[in-house]
Amino acid sequence: MVVDGKRFHSVLAAGEPLPAGAKVVDHGRYTAIPGLIDAHTHITFCWDPAWGDRAPHDPFQISQTPAQLEPLVEANGRTLLSIGVTTIRDLGSDNHLDLETAARIEAGELVGPRIFGAGDGVWSSRLAPKESTRPGQADGVEQVAATVRREIDAGVKVVKLWASTGSDDDLTGERTYSYEEIKAAVDIAHAHGIPVAVHDTLGVVTDDIVRAGADSVEHPRKLSPDTLAAMRARGVVYVPTIHHNRYYRDNIDRFGFSPDKRAAFDAFIADNIATARAAHAAGVTIVMGSDALYTAFGESTRELDVFVHDVGMTPMEALATATTDAAKLLRADDRIGAIRPNYLADFVVIDGDLSQIEHIHNVVAVVKEGAVVFEASATGN
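This structure is a prediction, so every number in the text was calculated from the model and none was measured.

Cut-offs used in this document
Residues numbered from 1 in each chain as written. Predicted model: local features only at pLDDT ≥ 70, side-chain atom pairs only at ≥ 80, totals over all residues. Heavy atoms only, no water. Helix = DSSP H or I, 4+ residues; strand = E, 2+ residues; numbered from the N terminus. Rg over C-alpha atoms; globule rule 2.2 N^0.38 Å. Buried < 20%, exposed > 50% of the residue type's maximum accessible area, 1.4 Å probe, protein only. Contact = heavy atoms within 4.5 Å. Areas by Shrake-Rupley, 256 points an atom, 1.4 Å probe, with all protein chains shown as cover. Lys, Arg positive; Asp, Glu negative; His and termini not counted. Charge placed at Lys NZ, Arg CZ, Asp CG, Glu CD. Polar contact = N/O pair within 3.5 Å; in protein donor to acceptor, adjacent residues only side chain to side chain. Pairing = 2+ DSSP bridges. Core = buried A, V, L, I, M, F, W, Y, C linked by side-chain atoms within 4.5 Å. Salt bridge = Lys/Arg side-chain N within 4 Å of Asp/Glu carboxyl O. Axes fitted to C-alpha atoms, helices over the stretch in contact; angles between N-to-C directions. Parallel < 35°, antiparallel > 145°, perpendicular 65-115°, else oblique. Nonpolar A, V, L, I, M, F, W, Y, C, P; charged D, E, K, R; others polar. Expected span 1.5 Å × (residues − 1). Arc of directions from axis to C-beta.

Before going further, it helps to spend a moment on the overall build of the protein. Within the protein, the regular secondary structure consists of 13 helices and 14 strands. The globule rule puts the C-alpha radius of gyration for 381 residues at 21 Å, and the 20 Å found for the protein is close to it. Oriented by its inertia axes, the alpha-carbon framework of the protein measures out at about 65 × 45 × 45 Å. For the protein, with 381 residues in total, the buried portion stands at 54%. When contacts within the protein are restricted to residue pairs at least 6 apart in sequence, long-range pairs at least 24 apart make up 68% of them. A total accessible area of about 16,100 Å² is found for the protein, and carbon and sulfur atoms account for 49% of it. Side-chain charges in the protein split into 35 positive and 54 negative, and the spacing between the mean points of these groups amounts to 3 Å.

What follows is the structure in structure tokens.
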């Protein structure tokens, strides 16, 4: 790979001459893959154990100021880089902190992955008390439309809607938005060239999400063959976010969840895997999303293990969920997600090959836009 500044100049076959004066970095015993894309994160939802023994159920309950959160947000970003994630789609922040973080990373003031942020997102009062002053709340077509326009004006790269209940230890999936509300959001976003991601935990809203023309549906764990066929036909992407429920299950005490939630998480995970297997068999495009928050960012790419061992993908199919297919979902497949001339020079050096998906976790070095942003040798690994 020949890198010129921030971009790939060319990809040469063995024995082809290098450009005159090129500096050579020999990683010949390793494998290079494109920089990975995590299509569902919450990088600004932070928690420091120093604040107490238990993380809050609702990340919006965190009272720390942006200045207090900033070092934790950057730490989350560095963790993502260390596992090879150079781009994220961040699907919900508070007071546009994700957009501010994205701008600072782009300006070189912070180190972290490239962020396609959704800002505050759009959510119904059914998810919070009507007296809530948190931005993003909208009920009815007119409010939804106005909120989407406001988020676009703020600079979001994706519009996020919460069309159902369900988060943390709430594993329900009751409808919170009508087809008309979802359609209004999609039409306005698409008129501005902005993709739309819609949260639907159980899958009861997915038919309307697909009919409205959204770009992706997040989380649903029960989808019918007819729904999957419609998703394939209309190109709606499935982001199952399976592994994050294992994170919740394995940290029940830390979150203060009821012990009986362990069985509920296990049932959710089993349904999620079954739906992902059916989606994969039906030819629906699946994209990796970790739904990471708090201390989960080091586990983000474990979703790929699930795709191979539980969903039935090959390692190369799993890699596509975090590279080429994810880049297309972000509408950025003209510049990221592949090692090609003129693309941004994002790549990950791993020890091993993709005969086993676990080798993807053996990160030797990470390069983002031509600059080394992580080296395992520098950390003593």
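Don't stop here, the text continues.
Tracing the backbone shows Thr176 in the loop between strand 8 (159–162) and helix 4 (179–191). Side-chain polar atoms of Thr176 contact the backbone oxygen of Trp162, separated by 2.8 Å.

On to the sheet that holds strand 11 (residues 237–239), then. As a general point, the strands of a sheet are linked pairwise by backbone hydrogen bonds and lie either parallel or antiparallel. Strand order in the open sheet formed by five strands is 7-8-9-10-11, and the pairing between neighbours is parallel. In the strand order of this sheet, the two ends are held by strand 7 (122–123) and strand 11, each with one partner. By the bridge criterion, three bridges tie strand 10 (residues 216–218) to strand 11 in an arrangement that is parallel. Across the sheet, residue Ser216 finds its bridge partner in strand 11, namely Val237.

What follows is about the environment of Pro19. Inspection of the secondary structure assignment puts Pro19 in the loop between strand 2 (7–10) and strand 3 (31–34). You can call Pro19 partly exposed: its relative accessible area is 36%.

Right, let's talk about the nonpolar core for a bit. Counting 89 residues, the largest nonpolar core has Val159, Leu161, Ile182, Met231, Tyr238 and Phe307 as the members making the most contacts within it. Apart from the residues lying within four places of it in its own chain, the contact partners of Phe307 are Pro240, Ile242, Ile286, Val287, Met288, Gly312, Met313, Ala318 and Thr321. Phe116, Val237, Val239 and Ala326 belong to the second-largest nonpolar core, a separate cluster that totals 13 residues.

Let us look at helix 7 (residues 243–250). Residues spaced three or four apart along an α-helix face the same direction, because each turn holds 3.6 residues. Most of helix 7 is tucked away: six of the eight residues are buried. Every buried residue belonging to helix 7 is among His243, His244, Asn245, Tyr247, Tyr248 and Arg249, and all of these are buried. The secondary structure elements touched by the buried residues of helix 7 are helix 8 (252–255), helix 9 (261–281) and helix 10 (302–311).

Our focus in this paragraph is the environment of Ala371. In this fold, Ala371 is placed in strand 14 (residues 371–375). The class for Ala371 is partly exposed, based on a relative accessible area of 37%. Each C-alpha atom of the pair Ala371 and Gly5 lies 8.4 Å from the other, and the pair is 366 residues apart in sequence.

A few words now on the environment of Pro259. Assignment of secondary structure puts Pro259 in the loop between helix 8 and helix 9. A relative accessible area of 67% places Pro259 in the exposed class. Residues Pro259 and Arg249, spaced ten residues apart in sequence, show a C-alpha to C-alpha distance of 9.3 Å.

This paragraph deals with the pattern of salt bridges. For the coordinates displayed, the defined rule picks out 18 salt bridges. Two residues, Asp208 and Arg175, come together in a salt bridge whose shortest N-O distance is 3.0 Å. Taken as a pair, Asp208 in helix 5 (residues 206–212) and Arg175 in the loop between strand 8 and helix 4 lie far apart in primary sequence, 33 residues in all. According to the relative accessible area criterion, Asp208 is buried, its value standing at 14%. Judged by relative accessible area, Arg175 falls into the partly exposed class, the value being 36%. We note a salt bridge from Asp208 to Arg211, for which the minimum N-O separation is 3.1 Å. In this pair, Asp208 and Arg211 are both assigned in helix 5, three residues apart and thus about one turn of the helix distant.

It is the contact of helix 7 with helix 9, at a shortest axis distance of 9 Å, that shows an interaxial angle of 170 degrees. The orientation of helix 7 relative to helix 9 falls into the category roughly antiparallel. Two secondary-structure elements touch here, helix 7 through Asn245, Arg246, Tyr248 and Arg249 and helix 9 through Arg262, Phe265, Asp266, Phe268, Ile269, Asn272 and Ile273. Class assignment of the residues belonging to the contact of helix 7 with helix 9 gives a composition of five nonpolar, two polar and four charged.

So, about the sheet that holds strand 14. With antiparallel pairing, the four strands of this open sheet are ordered in space as 3-12-13-14. Looking at the sheet topology across the chains shown, the edges are occupied by strand 3 and strand 14. Neighbour-to-neighbour, the strand axes of this sheet turn through a mean angle of 25 degrees, independent of strand direction. Two elements, strand 12 (residues 347–350) and strand 13 (residues 363–368), share four bridges in a ladder whose sense is antiparallel. Looking across to strand 13, one finds that Phe347 is bridged to Val367.

This part takes up helix 3 (residues 140–154). Over its 15 residues, helix 3 extends 21 Å from the first C-alpha to the last, a length consistent with the 21 Å expected when each residue adds 1.5 Å. Of all the positions in helix 3, only Val144, Ala145, Thr147, Val148, Glu151 and Ile152 are classed as buried. Take helix 3 and look down its axis: the buried residues cluster within an arc of 165 degrees, on one side only. Facing away from the buried side of helix 3, by more than 90 degrees, are the exposed residues Glu142 and Asp153.

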